Amino acid sequence: MGKKKQEMSQVYNNSNNEFIFGENGGKGKHLSSFLKNLSLTGTSSTSSVHSANTDNIHEINSNIYGTLGYSSSKVSSNQSNSGPPPKRSVSYKDLDDDWDADIDVSTDSVVRRSPDNRNLSRVTKVESNTSSRSSFNLQPSPMLDSLYPDLTLPATNSSVNLNSQKPTNEESLDVEDYRTTMEINRLNQISSRNNKFRNILISDSIVNLQDLRKLAWNGIPSELRALTWQILLGYLPTNRARQASTLKRKRQEYLEGLNASTIDFEDTAPSNSSSLYHQIKIDVRRTNQSIKLYGYPETQQSLRKLLYLWAVRHPASGYVQGINDLCTPFFQIFLLNYIWQLQQRVLSILEADTYWCLSRLLENITDNYIHEQPGIIRQVGDLRNLISKIDLELLNHLDHEGVEFLQFSFRWMNCLLMRELSISLIVRMWDTYLSETPLGFNNFHVYVCAAFLIKFSNDLKEKDFQEILLFLQNPPTGHWKEKDIELMLSEAFIWQSLYKNASAHLR
Amino acid sequence: MADNTDDYSYDYEYLYKIVLIGDSGVGKSNLLSRFTRDEFNLESRSTIGVEFATRTLEIDGKRVKAQIWDTAGQERYRAITSAYYRGAVGALIVYDIAKTETYESVSRWLKELKEHADANIVIELVGNKSDLDHLRAVPTEEARNFANENNLLFTEASALSSDNVDLSFHQLLKNIYEMISKHQLDTNDGGSNKPTTGGPTISLTPAPQEKRSKNNSNCC
């Protein structure tokens, strides 16, 4: 029974890697605009190729901080280029949601991330001409952890000025888009929305969680998503002064945890391993296979590591099939933050952050994965009861056909609808789940499942037992857009407000 | 929708419920998709809980519809999946001929069936991935002997090459058909509609009434 869903493969299989993620998968990001936004430098990144082994954690970790900060001038680019690279000057025109400055960067050597390069020491470097971006007024960011995009840019002058935005360079993108006022309005909206996020995230010493949740419920701008998710999950403290040290400590803890294990994570051979690791291996191999990112050995090794560590630290549930799916949104969203300097050291950061965020998420649904999976059984029952309130006719039809909720909704709960919806839509959904209190992965998810089921209510009422099951095993969501998800989330929200406090209804 | 090979889904005389069990990664889902839709998916993901497919075929001139429940292999899902054994008249226990451990688990799966399924369920042992003969870890004869000793049907098949896939399902369904025909004769001889002692009722339909009444128990 293959899941025939296309999984947005088109988004990821762009092998020349011009876009790291696709339009829908967290708003596509042109590599160069990435670099620009982050005003990155890779100061120490050229120093060494760290071995996969973590015997030098201390060195690794001491490098996590500071080195990823935003120094605007010092860039070294003396590695990994054989022969003089073609010097070229690029004018970056801002087509991004958030930034509106034009930058001229003369790139001395841009080493494009090559997916086929197994050596993760690949570094993307930009020799930036500081003087050419004096208009940036670039200050070292107050936050020196690598999570933050450069938030030191003035957030005020961000309404799009059509005239100054007129592309003057041939390499500038899509002049057409700017010709309609609709587009300008849209950009202004996005821009003001991004400013709101930015204000919450950096203006006070304590991030106002309430405000952040309120804003994030309706979707998070892709370049602020990693940061926002980590705060909403409680992985990153709201007290900004403590964020860097927390990250450092957590990442260190992660590496120490891995060091304590005796598993050879590079081992991909079919057997010769504990049954736990064996299960993780075979599942990681078949995780999101249609998305290119998950085919790389580095990705798979990272997932194996973090899933294994989670499993041994949570023996009551251990690894359960489907948890491999749940870590992928974190992995790819966080990757987006680091992709400009992907190398071994950063990979371990990425793993650690994914690990902790996955742990946070799973804390909310531990009962889903322990013996007999009582959490899921309860949710399935809740869903049934909810449908009896919302769409009794559908419930009667399902009953009449002998369809049990467990038969189709077990997977919805076990994998949080990740098997039914493309990952880009799941990412949007999680913006909202993470903004719910308590986090939406448990109770709110049931309301979302109800909205999901009822979307197909009319179809289902026409079908018999077999047709219903086949339909729901492979629901037609391939064409769904964020708008569909947002509608579904809104419906779920309404039902939650209606029924949440009528506690009797879900029992 | 996905069921377009099953044009005559309403036109059947017998409906047999079959379960597909075996260790994780042995290829249960692809065996099923090969049999029901003639598809093999290289990018298939792990099965979560239970999935379902059907195919109708002719046996002894009768149209027999196989309703097949494909289960997740992982231990954690056993509580959920074993609920589906109820009412099944046939089971395929699948192992991977290239992985000894999956063959060694077969007796555990047999025990599962003894505990949760009807006593006279027809069981077939299927060694999948027979295309991987160069990596073979389980000798055919060893598996065949085991099957004989335990009164199981046996085939080696390949969902990838589709070798023997139809045959293994056919063989199982034919045996079920014969067993049930015989069973019905026996019952009729007894002059009663009730099943004889020890012979459980063969569930031919999803039996909605029965299931509904049990909704609040046993996780269903």
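Cut-off values and rules
Residues numbered from 1 in each chain as written. Chains lettered and ligands numbered in written order. Predicted model: local features only at pLDDT ≥ 70, side-chain atom pairs only at ≥ 80, totals over all residues. Heavy atoms only, no water. Helix = DSSP H or I, 4+ residues; strand = E, 2+ residues; numbered from the N terminus. Buried < 20%, exposed > 50% of the residue type's maximum accessible area, 1.4 Å probe, protein only. Contact = heavy atoms within 4.5 Å. Areas by Shrake-Rupley, 256 points an atom, 1.4 Å probe, with all protein chains shown as cover. Salt bridge = Lys/Arg side-chain N within 4 Å of Asp/Glu carboxyl O. pLDDT = per-residue confidence, 0-100. Phe/Tyr/Trp six-rings, centres within 6.5 Å; stacked < 30°, edge-to-face > 60°. Lys NZ or Arg CZ within 6 Å of the ring centre and 35° of its normal. Pairing = 2+ DSSP bridges. Axes fitted to C-alpha atoms, helices over the stretch in contact; angles between N-to-C directions. Polar contact = N/O pair within 3.5 Å; in protein donor to acceptor, adjacent residues only side chain to side chain. Patch = residues over 30% accessible without salt bridge, like charges linked within 9 Å, V, L, I, M, F, W, Y side chains within 5 Å.

Q: Looking at this model, I keep getting lost on the overall build of chain B. Mind explaining?
A: Along its length, chain B carries 7 helices and 6 strands. For chain B, the α and β elements follow one another from N to C terminus as β-α-β-β-α-β-α-α-β-α-β-α-α. Residues classed as buried in chain B amount to 56% of the 220 residues present. Partitioning the contacts of chain B with sequence separation of at least 6, the portion at a separation of at least 24 is 74%. Total accessible area computed for chain B in this model is approximately 9700 Å², and 47% of it derives from carbon and sulfur atoms.

Q: What is the right way to read the pattern of salt bridges from this model?
A: Pairing is possible between side chains that carry opposite charge, provided their charged atoms lie close to one another. Evaluated as defined, the whole model comprises 29 salt bridges over all chains. The partner of E51(B) in a salt bridge is R411(A), with the nearest N and O atoms 2.7 Å apart. Taken together, the positions of E51(B) in strand β2 (residues 50–59) and R411(A) in helix α16 (residues 405–414) put the pair across two chains. Assessed through its relative accessible area of 6%, R411(A) is described here as buried. With its nearest N and O atoms 3.3 Å apart, the salt bridge here joins K99(B) to D96(B). What makes D96(B) buried here is its relative accessible area of 0%. A network of salt bridges, in which partner residues are shared, links R249(A), K250(A) and E253(A).

Q: What is the right way to read the confidence of the model for chain A from this model?
A: Note: predicted coordinates in regions of low pLDDT should not be interpreted at a detailed level. Residue and element names in this part refer to chain A. Looking at chain A as a whole, its pLDDT mean stands at 74, while 61% of the residues score no less than 70. Ranking the elements of chain A by mean pLDDT puts helix α3 (residues 57–62) last, at 35, and helix α15 (residues 392–401) first, at 98. Within the model, pLDDT remains below 50 along residues 1–147, and this stretch shows 334 contacts once partners closer than five positions in the same chain are excluded.

Q: Got a minute to help me understand the packing of aromatic side chains in this structure?
A: Remark: the centre distance and the inter-plane angle together describe each pair of aromatic rings, the angle taken between the planes. All told, the structure shown has 32 aromatic pairs over all chains when counted by the stated rule. Ring centres 6.5 Å apart and planes at 45 degrees place the aromatic pair Y294(A) and F331(A) in the tilted group. Within this pair, whereas Y294(A) is found in the loop between α9 (275–285) and α10 (297–313), its partner F331(A) is found in helix α12 (residues 328–338), the two being separated by 37 residues in sequence. Each member of the pair Y294(A) and F331(A) is classed as buried. Geometrically, the ring pair formed by F35(B) and F169(B) is stacked, given 4.0 Å between the ring centres and 5 degrees between the ring planes. Here the residue F35(B) occupies a position in helix α1 (residues 28–37), and F169(B) occupies one in helix α6 (residues 165–189), the gap between them amounting to 134 residues. Ring pairing ties together the aromatic residues W217(A), W229(A), F330(A), F334(A), W430(A), Y433(A), F441(A), F444(A) and F493(A), which thus form one cluster. Across from the ring centre of W356(A), 3.9 Å away, lies the NZ or CZ of K250(A), which sits over that ring. One cation-aromatic arrangement involves R108(B) over W109(B); the distance from NZ or CZ to the ring centre is 5.8 Å.

Q: Explanation requested: the sheet that holds strand β4 (residues 90–96) of chain B in the structure shown.
A: Adjacent strands of a sheet form backbone hydrogen bonds with each other and so pair up, either parallel or antiparallel. All names here are of chain B. Taken together, the 6 strands give an open sheet; going across it, the order is β2-β3-β1-β4-β5-β6, and neighbouring strands pair in mixed fashion. One side of each edge strand has no neighbouring strand; the edge strands of this open sheet are β2 and β6 (153–156). Ignoring strand direction, the axes of neighbouring strands in this sheet form an average angle of 25 degrees. Pairing of strand β1 (residues 14–22) with strand β3 (residues 62–71) involves 7 bridges; the strand directions are parallel. Residue pairing for β3: L15 is matched across the bridge by K65. Along the sheet, helix α4 (residues 106–116) contacts β1, β4 and β5 (122–128); its crossing angle with β4, the most-contacted strand, is approximately 160 degrees.

Q: Looking at this structure, how should I read the pairing of β3(B)?
A: Each regular strand displays side chains that alternate between the two surfaces of the sheet. Residue and element names in this part refer to chain B. The buried fraction of β3 amounts to 9 of the 10 residues, a majority that puts the element mostly inside the structure. Relative to β3, β2 is paired through 10 bridges, and the arrangement is antiparallel. Looking at the pairing, E51 lines up with D70 of β3. Two successive antiparallel strands, β2 and β3, enclose a turn made up of 2 residues, where D60 displays a positive phi of approximately 55 degrees.

Q: What should I look at first to understand the side chain of T47(B) in this one?
A: As for its placement among the helices and strands, T47(B) is situated in the loop between α1 and β2. Looking at T47(B), its side chain comes within polar contact range of the side chain of S29(B), at 2.7 Å. The residues touching T47(B), leaving out its near neighbours within four places in the chain, are Q321(A), S29(B), D70(B), T71(B) and A72(B).

Q: How should the environment of I123(B) be read in this particular structure?
A: Residues and elements named next belong to chain B. Among the secondary structure elements, I123 is positioned in strand β5. For the pair I123 and E112, spaced 11 residues apart in the sequence, the C-alpha separation amounts to 12 Å. With near-sequence residues (within four places) excluded, I123 lies in contact with A91, I93, L110, L113, L152, L153 and L172.

Q: How should I be thinking about a nonpolar patch on the surface in this particular structure?
A: Residues and elements named next belong to chain A. Where nonpolar side chains cluster on the molecular surface, the patch consists of F493, I494 and L498 and spans about 290 Å² of accessible area. Along the chain, L498 falls in helix α21 (residues 482–499). Relative accessible area serves as the criterion here: at 54%, L498 is assigned to the exposed category.

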